[in-house]
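Listed below are the residues making up each chain.
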Amino acid sequence: MAQPLTIVDPDLEQLREVAANIVKGYRPAWMRDSLCAEPDYAKVVFFAGRGQDLRPAKALCARCLVRQECLDYAVANDITEGVWGGLSGQERRALGSLP
């Protein structure tokens, strides 16, 4: 049996907790209506490594009907990584929304 992955980075740990809650079935209702949840967009990168292009993710967010709810969720939960509501963690911090 594989051992669970141990993540030490606090930002990644927080992301892991959010993902675990989603897997356990806790999903805010708006998530069901998000474009990123559709299988057609499974290859769009929302959590990029250094230098990876986030423009496709942001373009998808720009067309999403629940963009504001997504952004509000990221801010309310202090999610510092990934594109949420069309903004990267760095952009959310620049707006003063995140620590």
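Remember, it's a predicted structure, so these values are computed and weren't measured experimentally.

## Topic: the pattern of salt bridges
Point 1. The full count for this structure, using the stated rule, is two salt bridges.
Point 2. The partner of arginine 55 in a salt bridge is aspartate 53, and the shortest N-O contact between them spans 3.0 Å.
Point 3. Under the relative-accessibility criterion, aspartate 53 is labelled partly exposed at 38%.
Point 4. We note a salt bridge from glutamate 91 to lysine 58, for which the minimum N-O separation is 2.7 Å. Of this pair, glutamate 91 sits in helix α4 (residues 89-94) while lysine 58 sits in helix α2 (residues 55-62), placing them 33 residues apart in sequence.
Point 5. The partly exposed category is assigned to glutamate 91, whose relative accessible area is 30%.
Point 6. For lysine 58, a relative accessible area of 25% puts it in the partly exposed group.

## Re the state of the cysteines
Point 1. In the structure shown here, the tally under the stated rule is zero disulfides.
Point 2. The cysteine cysteine 61 is free of any disulfide, with cysteine 70 supplying the nearest cysteine sulfur at 5.9 Å.
Point 3. Assessed through its relative accessible area of 9%, cysteine 61 is described here as buried.
Point 4. Cysteine cysteine 64 remains unbridged, with the sulfur of cysteine 36 as its closest cysteine sulfur at 6.3 Å.

Cut-offs and rules
- Residues numbered from 1 in each chain as written.
- Predicted model: local features only at pLDDT ≥ 70, side-chain atom pairs only at ≥ 80, totals over all residues.
- Heavy atoms only, no water.
- Salt bridge = Lys/Arg side-chain N within 4 Å of Asp/Glu carboxyl O.
- Buried < 20%, exposed > 50% of the residue type's maximum accessible area, 1.4 Å probe, protein only.
- Helix = DSSP H or I, 4+ residues; strand = E, 2+ residues; numbered from the N terminus.
- Disulfide = S-S within 2.5 Å.

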